Amino acid sequence: MALLLLIHIALFSTLCFAADPSVFLDFKLSYITLSPLGVPQRVIAVNGAFPGPVVNVTTNYNVNINVQNQLDENLLMTWPGIQMRRNSWQDGVLGTNCPIHPKKNFTYRFQVKDQIGSFFYFPSLNFQRASGGFGPIIINNRNIIAIPFAHPDADIVLLVGDWYTKNHTALRTTLESGEELGMPDGVLINGKGPYRYNSTLVPDGIEYEIINVDPGKTYRFRVHNVGTSTSLNFRIEGHNLLLVETEGFYTTQQNFTSFDIHVGQSYSFLVTMDQNATKDYYIVASARFVNETVWERVTGVAILHYSNSKGPASGPLPVAPSDIYNQWSAMNQPRAIRQNTTASGARPNPQGSFHYGSINVTDTYVIQSLPPVRIDGKFRATLNGISFVNPDTPIRLADLHKVKGAYKLDFPNKPHDRTPHMDRSVINATYKGFIEIILQNNDTKMQSFHMDGYAFFVVGMDFGVWSENSRNNYNKWDAISRSTTEVYPGGWTAVLVSLDNVGVWNLRVENLDRWYLGQETYMRIINPEENGKTEMVPPDNVIYCGALQSLQKESQSSSAMALHCGNFKLFLTLAITILALYFHF
């Protein structure tokens, strides 16, 4: 019996190695054939499903996801909005990670530290998100951290996005040839095509999403734009959308009849089922800031089905805002989003930066995006005249192993009047600095900018060219925090960020076409007095490539247990008890 007790303790100490609970998942990425818009095509599935499974955890959980690459090309998974505190090794982009080769696997290990809210994951390489591989992440609050609204009766996740019937490899070829992708073939909602609201625009036999609800109940709709490049307007016929969260941060609560969601953004809305259930209702996600007549087919339609509904949805779709030619008006919506300063959780990290209006800015970067041009015969896009080329050796690994020439610390802090060129130029950011970044969109399209490893305060947004006088109109008290923000064409967005998270972090345009063509860079943030407390060491399963290829050991396939550590303890306790009874008798 004493021996059994020792085995019990030993197993607990090795399998449950941290004070916070752990969750173990296996993700198998592979190709499957589906016809979401009525045309058979190859899509990327996770564990055979499209979209992939939800990662549903609680704040402070340790997450272990073993990613197995069953595609025919390199793979990395990224987790935008998850801040990876001190741990850029798990970020899943080429500047920080070597790729997972076909038939190989890699286990991501990270903690969802002090975050609560709605996020999603996706493959970051080779335009793969345009073929799928994405799925939702839900980070729940612990009981001791109250959310600033009554708990909804249930969660409903909606992954919406524009969709092409060409797969990601064909779309890459189009971009590389110097052509724009053109109008998408439709919009998917949870991987499914539109309900046949129009017999001309929607062919018969399309599978569509049905959301089942009960009258009188309130649901939290977690809506993510996982598309390629199209901004969408989201609305539910006859129902109000009460905005409560953006990418892990609580907002002041405001009602909207429809809401613009740009590429890479995530929002939570509370929706109460208070309509007469004489019929079903439309859920719509349609292309925004385009000629609606020409782009009419770029519309996703799902069905909201009351349990006591007496008939199918009918009639015209609820109309989208009619201000596509008056973007000044449309900008009022993102400007109106405010931080809930009384919420007890989901605060910017570090806590002290919540009073950002009184912190002195230590550096300013004006980052300008322009339409694609030819550089050395290649179709490329730029930030401050530089089209980023991914390093052969990830940046921080190159630092630790003293690899020379892997990248340059010379990204310019403002646009220069010089010939566009391709380079590996990154931002030499200062640890514990408080920087101002102005994202100036001189491209012709609405863009979303994303920053890994951080949330930033969106303090200003306007049309025209930013100037120092623009600071007079900054929101210095309750600007929303998030990791992805829209930047209107011909306009600018200003963000402030406290650089407390050591590592190398991607700053990019989230629109896949521009990102693929080079509109990205990295922030290198190093603590000069590093003592092992501000940055984790590389994980024991780190992948080596480029100049460090010789260090790579043959990886072994492994699997992760889809069990919470606490549940595993219960299972193990029962097993030990049964063994003890067996030996006793």
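Note that this is a predicted model, so its numbers are computed, not measured.

Caption draft 1: The overall build of the protein chain, seen in detail. Along its length, the protein chain carries seven helices and 32 strands. On the protein chain, roughly 23,600 Å² of surface is accessible, and the fraction owed to carbon and sulfur atoms is 52%.

Caption draft 2: Fine view of the sheet that holds strand E2 (residues 41-46). Taken in spatial order, the four strands make up an open sheet running E2-E1-E4-E6, and their pairing is mixed. The open sheet has two edge strands, E2 and strand E6 (105-111), and neither has a second partner. In this sheet, adjacent strand axes meet at a mean angle of 20° when their direction is disregarded. Relative to E6, strand E4 (residues 62-69) runs antiparallel, the two being bridged by seven bridges.

Caption draft 3: Quick peek at the environment of Asp274. With respect to the secondary-structure elements, Asp274 resides in the loop between strand E17 (266-272) and strand E18 (281-287). Judged by its relative accessible area of 54%, Asp274 falls in the exposed class. Remark: the alpha-carbon pair of Asp274 and Thr218, spanning 56 residues in sequence, is separated by 8.9 Å. Setting aside anything within four residues of it in sequence, one finds Asp274 in contact with His239 and Tyr306. A polar contact of 3.2 Å, which involves the side chain of Asp274, links it to the side chain of Gln275.

Caption draft 4: Highlighting the sheet that holds strand E15 (residues 249-256). An order of E10-E9-E12-E17-E14-E15 is seen for the six strands of this open sheet, with the pairing classed as mixed. Of all strands in the sheet, those bounded by a partner on one side alone are strand E10 (186-189) and E15. On average, adjacent strands in this sheet sit at an angle of 25° to one another, irrespective of strand direction. Of the pairings in the sheet, the one linking strand E14 (residues 241-246) to E17 comprises four bridges and is antiparallel in character. Opposite Leu242, over in E17, you have Leu270 as the bridge partner.

Caption draft 5: Layout of unusual backbone geometry. Residue Pro51 is reached from Phe50 by a cis peptide bond, and omega for that bond is -5°. With respect to the element layout, Pro51 can be found in the loop between E2 and strand E3 (55-58). With a phi close to 65°, Lys432 is a non-glycine residue in the positive phi region. Looking at the secondary structure, you find Lys432 in the loop between strand E24 (427-430) and strand E25 (434-441).

Caption draft 6: Representation of the pairing of strand E9 (residues 154-163) in the model. Buried residues dominate E9, accounting for seven of its 10 residues. Two elements, E9 and strand E12 (residues 218-225), share seven bridges in a ladder whose sense is parallel. Residue pairing across strands places Leu159 opposite His224, the latter belonging to E12. By the bridge criterion, four bridges tie E9 to E10 in an arrangement that is antiparallel. Across the sheet, Trp163 pairs through a bridge with Gly186, a residue of E10.

Caption draft 7: Up close: the environment of Gln265. In this fold, Gln265 is placed in the loop between strand E16 (259-261) and E17. Look at Gln265 and you get buried, because its relative accessible area is 0%. Separated by 146 residues in sequence, Gln265 and Phe119 place their C-alpha atoms 8.5 Å apart. When near neighbours in sequence (up to four residues on either side) are disregarded, Gln265 contacts Val223, His224, Asn225, Glu247, Asp260, Arg482, Thr484, Thr485 and Glu486.

Caption draft 8: The state of the cysteines, seen in detail. With the rule as written, the count across this model stands at one disulfide. At a sulfur-sulfur separation of 2.1 Å, the disulfide partner of Cys98 is Cys545. Between Cys98 and Cys545 the disulfide shows an S-S torsion of about -80°. By sign, it is left-handed. One end of the pair, Cys98, is in the loop between strand E5 (77-78) and E6; the other, Cys545, is in the loop between strand E32 (520-526) and helix H7 (565-584), and 447 residues separate them in sequence. Taken as a pair, Cys98 and Cys545 share a single burial class, namely buried.

Caption draft 9: Representation of the nonpolar core in the model. Of all hydrophobic cores here, the largest spans 101 residues; its most connected members are Phe27, Trp79, Leu158, Phe221, Phe269, Leu304 and Met523. The residue makeup of this core includes at least three contributed by each of domain 1 (20-334) and domain 2 (354-524). With sequence-adjacent residues up to four places away left out, Phe221 is seen in contact with Ile156, Leu158, Ile211, Ile236, Tyr267, Ser268, Phe269, Val271, Met273 and Leu304. Counting residues in hydrophobic clusters, the runner-up holds 21 residues, among them Leu37, Val43, Leu512 and Trp515.

Thresholds applied
Throughout this description, residue numbers start from 1 for each chain and increase along the sequence as written. Per-residue local features of the predicted model are confined to residues with pLDDT of at least 70, and side-chain atom pairs are confined, for both listing and counting, to 80 or more; whole-chain, interface and lining totals are unaffected and use all residues. Just so you know, side-chain values use all the structure's heavy atoms and leave hydrogens and water out. Secondary structure counts use DSSP, requiring at least four H or I residues in a row for a helix and at least two E residues in a row for a strand, with both numbered from the N terminus. Residue burial considers only the protein chains on display, and all accessible areas are found by Shrake-Rupley using a 1.4 Å probe. Two strands qualify as a pair provided DSSP detects at least 2 bridges between them. Inter-axis angles, ranging from 0 to 180 degrees, are taken between N-to-C directions of lines fitted to C-alpha atoms, where helices are fitted over the stretch in contact. Burial classes: relative accessible area under 20% of the type maximum marks a residue as buried, over 50% as exposed, and values in between as partly exposed (1.4 Å probe, protein chains only). Throughout, a residue-residue contact means that at least one pair of heavy atoms, one from each residue, lies within 4.5 Å. Polar contact is the term for a pair of N or O atoms within 3.5 Å; when the atoms are in protein, one must be able to donate a hydrogen and the other to accept it, and sequence-neighboring residues count only if both atoms are side-chain atoms. Cysteine sulfurs are considered disulfide-paired once they come within 2.5 Å of each other. Residues belong to one nonpolar core when they are buried, are Ala, Val, Leu, Ile, Met, Phe, Trp, Tyr or Cys, and are joined through side-chain atoms within 4.5 Å. Per the annotation, domain bounds derive from an automatic or database assignment of domains.

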